[in-house]
Amino acid sequence: MCMSFLAELKRRNVVRVGIAYAVTAWVLLQVLDVVGEILELPAWGGKLLLAIIVAGFFVTLFVAWAFELTPEGLKREKDVDRDQSMTRQTGKRLDRWVIVILAISLTFFAFDKFVLEPVRDAELVNKTIEGAKQDALKDRQDNSVAVLPFANMSGDVANEFFSDGIAEEILNVLAQIPRLQVTARSSSFAFRNSDLPLSQVADQLAVNSILEGSVRKDNDRIRISVQLIDAENDVMLWSETYERSFDNLFAVQEEIALSVASTLKISLDIEETETFQTQHRLAPRKQEAHAAYLRGRYLLAQRTGRALGNAVEAFEQALAIEPDYAEARAQLAITYLLLSRRSYGDLTQAEALSHATPHAEEAMRLAPGNAESHAASGMVYWRLGQSKLAEKHFLKALRINPNFAIVYHWLSMLQQRDLGKHEASMESSNLARRLDPVSIPVLSLRITMLAARGLFDLATKELESLKSISPATYHRARAGYEWFHGAWGNVVLGNLDALMVDPEATRAIFPIKASLVWLGLEREVVSLGPVTRISTLRMLGRTEEAVRRAEENMLEDTQSVWAHRSLARALYTHGDIQQAAQIIERLWDKSEGRVALITPHFFSLRDILALYEARTLAGDLPGSDELLHAIHTEVENARGAGIKVTGTLRSLDFSEGIAMYLGGRKAEGLLLIRKAVEDGYYIRGRDQGFYSGDLFEDPEFGAILEIHRANQARERTRLLAVVCYDNPYESLWRPSEETCAEVK
């Protein structure tokens, strides 16, 4: 019975019709996806078309079963003589139709992937960055505001998160108003309890107006007093006091935000105001859920492992009360990612992603037009190594909220490290700096980016900005700045200063140990504690231990690109070139043929040279040439964006010189290598797993190595002259007598 029914389905061409319908529908949906984005069609348009297609599918199958197409037109199947049936001819036409549609779909897919998508991406980047740039860089006289943390008047310190949350929610509503520049929370809240006059606060935040207020919470009643001040002239522009029940909290937050916008005389017409009111209205939430959410935001902003762990509990409490709280899900996803080992916690990459991804996906399902949903999705894709998707989500978040400073910061890192978009990265960094002028992460990144471009005066100015904000970070950043000048000894001293200011600044320990190795003071490394970092173990020649630790990391965190890179480098340094090459080949495929010479993520110069050696040994000369071409391409790309990068860690001259040398242009290559070393570049030797062909056997390179050794001796003397006599770091580290004997 079943077989005869299937045979009848085939005879009546029901199966062919279903396939033809499905293929055609798929092509229509793909076209709508492209055209819809260009024409900015509403989101419900796609859903409506999908619903029509699904309904039409079943109708079409019924028609194919019950009717037959004949030369006289459509007839009921039971009225057609089997001997005169046209089903076979119709089936052949359907087969041809499916082939044609598949060919069209493949052509469209290729055209969309390789022609339209790059154009869309470029337009999206330009539109988002240019639009935000125009908004942010306009005269701040009438359209810039900072929201200071509201004073907690409840008499209970535990309620501080609540008053902060009210201020932050108002800030977030204001941030979505077109042409209004709103300073980020991390900068404006840095002036909590500040004694500075408002005019000085406004100068440091680069705004003309300040919104400040107080919150008193008494059971289910709230009293919010707000005042908007023209800080330059010390004139109150507007003030109001709101007494409401907690249930009306969302409405009063919007009311305050719109009153501020009106008072600032933002050039919004009626249509824009109505659009803002309907599209950006805060969804009312239950009192307990919203209180838990505010507490989570308060803890998330602290960026410490303990606070982030407590933030997870707060967001989960909010979701237990209201599972459809999209903002809480988005923030929970970001919190989990920040709890990974790469950031502030102990979660492996796989663990962080397994916790974060479902919440980010659910946030997008619940609120696809929410900037926080796109920010969380962008972070997830970034950690997964899907850089282009991450960039798209970050850009969409910024189109929704043009004042989303932390997303500009993330976008800047992504564009430079993963995508090689150095000019766009600098623009994103400029906007992050404009909107979040006293942010530690933003300033730290900018110092590096400016120094890499040789803009040392600007980098020094930004460095000084850090001094009063975070002394420990200032010393670490100053130490990193010294790398650009080849001052290896000062790198150690700067990081020791950071530890003196803050013994918890453990990130300062690794650069100290690495610099001691570079200075030829390997015996001093262990005096600073056990060596556990894989890269330090490699530099010390403890390669077996490095491989073992790298393998353990891989077992714990199979999704981490860093774990793969560490294992490949450890294997290569240990001499297992072929096994290392297998891992590096997979990383090369993920990098989409790009080597990152500035701030490496997937692929650095060492990685590409290790792969070059493996391919050369295997006789893959075209593959080897491909790698050298990638180095030249990235050097040209970076130089075109104004990047110079000289110093200890990175050098475009050294990278290009090595590629030239290996490519047969030895004289030109040696000139560039010599220039890099004179500028302070540290040459990693063969014992540190750095392949460079026959370079180390070349007599001309021997003369360059003498310059390198002189640099090393000079910097070693610079360091020991400080720490061997009247050592200011006695409590942290004192070199051995044997080491200090060098400078006696």
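Please read all numbers here as calculations on a predicted model, not as lab measurements.

We now examine the overall build of the chain. Looking only at helices and strands, one finds 33 helices and eight strands in the chain. With 744 residues in all, the chain has 52% of them scored as buried. Taking contacts inside the chain between residues at least 6 apart in sequence as the whole, the part at least 24 apart equals 61%. When the accessible surface of the chain is split by element, carbon and sulfur atoms take 54% of a total near 34600 Å².

So, on to the pairing of strand β7 (residues 221–230). Two elements, strand β6 (residues 209–218) and β7, share ten bridges in a ladder whose sense is antiparallel. Directly across from Ser209, in β7, lies its bridge partner Asp230. Counting the residues that bridge the hairpin from β6 to β7 gives two residues, and of these Asn219 lies at a positive phi of roughly 60°. Sheet topology note: the β7/strand β8 (residues 235–245) ladder contains ten bridges and is antiparallel. Paired with Asp230 across the strands is Val235, a residue of β8. Linking two consecutive strands that pair antiparallel, namely β7 and β8, is a turn of four residues; a positive phi of about 55° is found at Asp234 within it.

This part is about helix α12 (residues 326–338). Given a rise of 1.5 Å per residue, 13 residues ought to cover 18 Å, and the 19 Å separating the end C-alpha atoms of α12 matches this to within 8%. In terms of burial, α12 is largely enclosed, as 13 of its 13 residues are buried.

As a further point, take the pattern of salt bridges. Evaluated as defined, the whole model comprises 26 salt bridges. Arg365 is the partner of Glu362 in a salt bridge, and the nearest nitrogen-oxygen pair spans 2.7 Å. Of this pair, Glu362 and Arg365 are both found in helix α13 (residues 349–366), three residues apart, which corresponds to roughly one turn of the helix. Overall, Glu362 belongs to the partly exposed group, its relative accessible area being 22%. Its relative accessible area of 58% is what places Arg365 among the exposed residues. A salt bridge links Asp679 to Lys675; the shortest N-O distance between them is 3.3 Å. Linked through salt bridges whose partners overlap, the residues forming this network are Arg639, Asp653, Glu656, Lys675 and Asp679.

Here the chain averages 80 in pLDDT, while 76% of its residues score no lower than 70. Between residues 135–141, whose pLDDT stays under 50, and residues either more than four places distant or in other chains, the model counts 18 contacts. Considering only residues more than four positions removed or in separate chains, one finds that residues 266–281, a stretch of pLDDT under 50, has 23 contacts.

In this section: the packing of helix α15 (residues 387–400) against helix α16 (residues 405–417). Helix packing for two helices is described by the angle between their axes and how far apart those axes are. Running from amino to carboxyl end, α15 crosses α16 at an angle of 155°, the nearest separation of the two axes being 10 Å. The orientation of α15 with respect to α16, classified from their angle, is roughly antiparallel. Relative to α16, α15 is oriented so that their crossing is left-handed. Taken together, the residues of α16 that come into contact with α15 (itself represented by Ser387, Ala390, Glu391, Phe394, Leu395, Ala397 and Leu398) are Val407, Tyr408, Trp410, Leu411, Leu414 and Gln415. Classifying every residue of the contact of α15 with α16 gives ten nonpolar, two polar and one charged.

What follows deals with unusual backbone geometry. Positioned with a positive phi, Ala206 is a non-glycine residue whose angle comes to about 60°. Locating Ala206 in the fold gives a position in the loop between α7 (198–205) and β6. Phi is positive for Asp726, close to 50°, though the residue is something other than glycine. Structurally, Asp726 is set in the loop between α32 (699–723) and α33 (737–740).

So, about the packing of aromatic side chains. By the definition in use, this model includes eleven aromatic pairs. Note on Tyr293 and Phe315: the rings are 6.0 Å apart at their centroids and 50° apart in plane angle, and the pair reads as tilted. Highlighted residues: Tyr293 in helix α10 (residues 287–300) and Phe315 in helix α11 (residues 305–321), separated in sequence by 22 residues. Taking the relative accessible area as the measure of exposure, Tyr293 reaches 1% and is therefore buried. Each ring, one from Trp488 and one from Tyr682, has its centre 5.3 Å from the other, and the planes form 80°; the classification is edge-to-face. Pair noted here: Trp488 is in helix α21 (residues 488–501) and Tyr682 is in the loop between α31 (666–678) and α32, with a separation of 194 residues, a long-range link. Accessibility expressed as a relative area gives 0% for Trp488, which makes it buried. Put simply, the rings of Trp483, Trp488, Trp518 and Tyr682 pair up and form one aromatic cluster.

Where helix α14 (residues 371–383) meets α15, the closest approach of the two axes is 8 Å, and the angle between their N-to-C directions is 165°. The angle between the axes of α14 and α15 places the two elements in the roughly antiparallel class. Two packed elements cross with a definite hand, and for α14 against α15 that hand is left-handed. Listed contacts from α15 to Ala371, His374, Ala375, Ser377, Gly378, Met379, Tyr381 and Trp382 of α14 are Leu389, Ala390, His393, Phe394, Lys396, Ala397 and Ile400. Of the residues belonging to the contact of α14 with α15, the class tally is ten nonpolar, four polar and one charged.

Each value, and the rule that gives it
Residues numbered from 1 in each chain as written. Predicted model: local features only at pLDDT ≥ 70, side-chain atom pairs only at ≥ 80, totals over all residues. Heavy atoms only, no water. Helix = DSSP H or I, 4+ residues; strand = E, 2+ residues; numbered from the N terminus. Buried < 20%, exposed > 50% of the residue type's maximum accessible area, 1.4 Å probe, protein only. Contact = heavy atoms within 4.5 Å. Areas by Shrake-Rupley, 256 points an atom, 1.4 Å probe, with all protein chains shown as cover. Pairing = 2+ DSSP bridges. Expected span 1.5 Å × (residues − 1). Salt bridge = Lys/Arg side-chain N within 4 Å of Asp/Glu carboxyl O. pLDDT = per-residue confidence, 0-100. Axes fitted to C-alpha atoms, helices over the stretch in contact; angles between N-to-C directions. Parallel < 35°, antiparallel > 145°, perpendicular 65-115°, else oblique. Left-handed = near helix turned anticlockwise from the far one by under 90°. Nonpolar A, V, L, I, M, F, W, Y, C, P; charged D, E, K, R; others polar. Phe/Tyr/Trp six-rings, centres within 6.5 Å; stacked < 30°, edge-to-face > 60°.

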